[in-house]
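What follows is each chain in one-letter form.
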Amino acid sequence: MTIQIKDSSLLKTQAFIDGQWVDGDNGETFAVTDPATGEHLADIASVGAAETRRAIAAAERAMAEWKTLPAKSRSDVLEKWHQLIIENSEDLAIIMTAEQGKTLSESRGEVAYGASFVKWFAEEGKRVYGDIIPTPSDRRGVVVKQPVGVVAAITPWNFPNAMITRKAGPALAVGCAIVLKPAAETPLSALALVELANRAGLPTGLFSVLPGSDAPAIGGEMTANPTVKKVTFTGSTPVGKLLMKQCADSVKRTSMELGGNAPVIIFDDADLDIAVAGALTAKYRNSGQTCICANRLLVQEGIYDAFVEKFSAAVSEFRIGNGFAAETTHGPVITEKAAKEIHSKVENAVAEGATVVIGGQPGEQGACFYQPTVLTDVTDTMRVFREEIFGPVAPVFKFSTEADAVRMANDTEFGLAAYIYTESMGRSWRVSEAIDYGMVGVNETAISSEVIPFGGVKESGQGREGSKYGLDDYLETKYICFGALQR
Ligand code: NAP
């Protein structure tokens, strides 16, 4: 493998099942490539339904003891895992930039963000409280929270580390076991993470990682297997819906972190500099490939021209390129297919009358690059209004009144994150409450951290990750009734 890191034993190419590094049963592999250079990085073992079944059986065995340990004992192992992630963070960041393309500074940021979930849930797992309920008669109701059971997780390529720890952290902390399928584009980050978890002393079988090129086979087993009690998914809305349907047959619990179509609403009374800075971060972070990326910039007519001028001037300073190069501000998008899909949305907008202020074309740096783009004269009939762009393209829509802004913001089936820029306290409350989103940033787009409940409404999903609420997705509520108290 051409990735140069300090500890090359973190570079794994096999699946990790029941505490063993193994090839797939049929010996098949799939290739991982660097999106910036097209360079072949590794051939990874590709597993299917049979190996997934074995991982689930191992998880059930391992969980039998793990769930009975004092929370403090589980916490100690997670603390150790956290420490190892921090100690190896530069290697993890290099692996991430190589397979995902984001700049090295973004990768470093994600590794720290990912580690923060392990640390947070190591602590929070010790605070799983119940309740005592005074019932209407001579009885007492006691409520206890118990681990939901074996968890199956499926994660995307855009955050190859943090989307894993945000699920594995709480699941393991409360006493569950987990089997995980990482995205086919970014398995190396997942395999390095589970290697560190293993070094931390996680019991055999408790955490298996199942790379594979046949996602429906792995996902099919995860959703059909009766031992799995919970499926947690981060990815696109169509795949999320499919998994929910598959889970219905055995009534599994699900958590879904799905697509977004985030509006950034900038009112005339906003501080222009703060709004431009926030919109730039929200739109172009990870080259536009985050689920909470600004998809639609909605700008009030009085500030519109000034905003477009300042925003576009800042975008013209961006330098796209290899994520390892110091001068690069923005890396490639994940695949050539993704770059083509982004371009087709720009072409659709232009065909319907949009003006390209800057960019608008594939990048010259390679097949996976797309120029940071700003579009004006955009309308709500265009694909850039209706669909998640997932690339560095900013359509700037104009609105007149607060009511228009709210209507436009809500005119989507998605409801993950939204952002508001205004200096009015009243308006920030009014609009925050009127828009149908799981998360709202007021004069702020950097809204995520381990301490907040991350998640969406409508077709952006259900469940919350991070914060004290993030434990609930992995807990069952059990009611125990104590009677005959006078005996
Ligand atoms: P995706 O195509 O849905 O893939 C996500 C994961 O699902 C991958 O591991 C993929 O495996 C797997 N998968 C695909 N088809 C499957 C099937 N039939 N059964 C089981 N698993 C299947 O999404 P993506 O393009 O990787 O990720 C981008 C999407 O994720 C965007 O919509 C983004 O908004 C969303 N996202 C949401 C959040 C959030 O917190 N709400 C966070 C990050 C990303 P393969 O890689 O092997 O195909």
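Scroll up to find the structure.
Everything in this summary refers to the structure shown in the same document.

Scoring rules and cut-offs
Residues numbered from 1 in each chain as written. Predicted model: local features only at pLDDT ≥ 70, side-chain atom pairs only at ≥ 80, totals over all residues. Heavy atoms only, no water. Helix = DSSP H or I, 4+ residues; strand = E, 2+ residues; numbered from the N terminus. Buried < 20%, exposed > 50% of the residue type's maximum accessible area, 1.4 Å probe, protein only. Contact = heavy atoms within 4.5 Å. Polar contact = N/O pair within 3.5 Å; in protein donor to acceptor, adjacent residues only side chain to side chain. Pairing = 2+ DSSP bridges. Phe/Tyr/Trp six-rings, centres within 6.5 Å; stacked < 30°, edge-to-face > 60°. Lys NZ or Arg CZ within 6 Å of the ring centre and 35° of its normal. Axes fitted to C-alpha atoms, helices over the stretch in contact; angles between N-to-C directions. Parallel < 35°, antiparallel > 145°, perpendicular 65-115°, else oblique. Left-handed = near helix turned anticlockwise from the far one by under 90°.

As for its position among the elements, E99 is in helix α3 (residues 89-100). The exposure class assigned to E99 is buried, which follows from its relative accessible area of 1%. Along the chain, E99 and D34 lie 65 residues apart, while their C-alpha atoms are 4.9 Å from each other. Look past the residues within four positions of E99 in its chain and what remains in contact with it is V32, T33, P35, L41, P160, E185, T186, P187, L188, S189 and I334. Only 2.9 Å separates the side chain of E99 from the backbone nitrogen of L188, close enough to count as a polar contact.

With that settled, consider the pairing of strand β6 (residues 140-147). With four bridges joining them, strand β5 (residues 131-134) and β6 adopt antiparallel strand pairing. Bridge pairing in β6 links I132 to V142. Counting the residues that bridge the hairpin from β5 to β6 gives five residues. Pairing of β6 with strand β20 (residues 475-482), which is carried by eight bridges, proceeds in the antiparallel orientation. Across the sheet, the residue bridging to P147 is L475, located in β20.

Going through the model one piece at a time under the given rule, you end up with nine aromatic pairs. An angle of 50 degrees between the planes, with centres 4.7 Å apart, marks the rings of F16 and W21 as tilted. Residue F16 is classed as buried on the basis of its relative accessible area of 3%. A residue is classified by how much of its surface remains accessible, and W21, at 22% relative accessible area, is partly exposed. Consider the rings of Y113 and F117, whose centres lie 5.0 Å apart with planes at 70 degrees: the pair is edge-to-face. With Y113 and F117 both in helix α4 (residues 104-124) and four residues apart, the pair spans about one turn of that helix. Each member of the pair, Y113 together with F117, is buried. Each residue in the set Y284, F307, F311 and F318 is aromatic and connected to the rest through ring pairs, giving one cluster. The ring centre of F385 lies 4.6 Å from the NZ or CZ of R296, which sits over that ring. Taking NZ or CZ as reference, R427 lies 4.2 Å from the ring centre of F267, over its face.

In this model, S287 sits at a positive phi of 55 degrees, which is unusual for a non-glycine residue. Mapped onto the secondary structure, S287 falls in the loop between α9 (272-284) and β13 (294-300). Judged by its relative accessible area of 5%, S287 falls in the buried class. In the Ramachandran plot, K458 falls in the positive-phi region, its phi being about 55 degrees despite a non-glycine side chain. Turning to its location among the elements, K458 is positioned in the loop between β18 (439-442) and β19 (461-462). Looking at K458, the relative accessible area reads 38%, which means it is partly exposed.

Quick look at the packing of helix α2 (residues 71-87) against helix α6 (residues 187-199) now. Running from amino to carboxyl end, α2 crosses α6 at an angle of 130 degrees, the nearest separation of the two axes being 8 Å. By the angle class used here, α2 and α6 are oblique. Relative to α6, the crossing made by α2 is right-handed. Between α2 and α6, the residues in contact are W81, L84 and I85 and L193, L196, A197 and R199, respectively.

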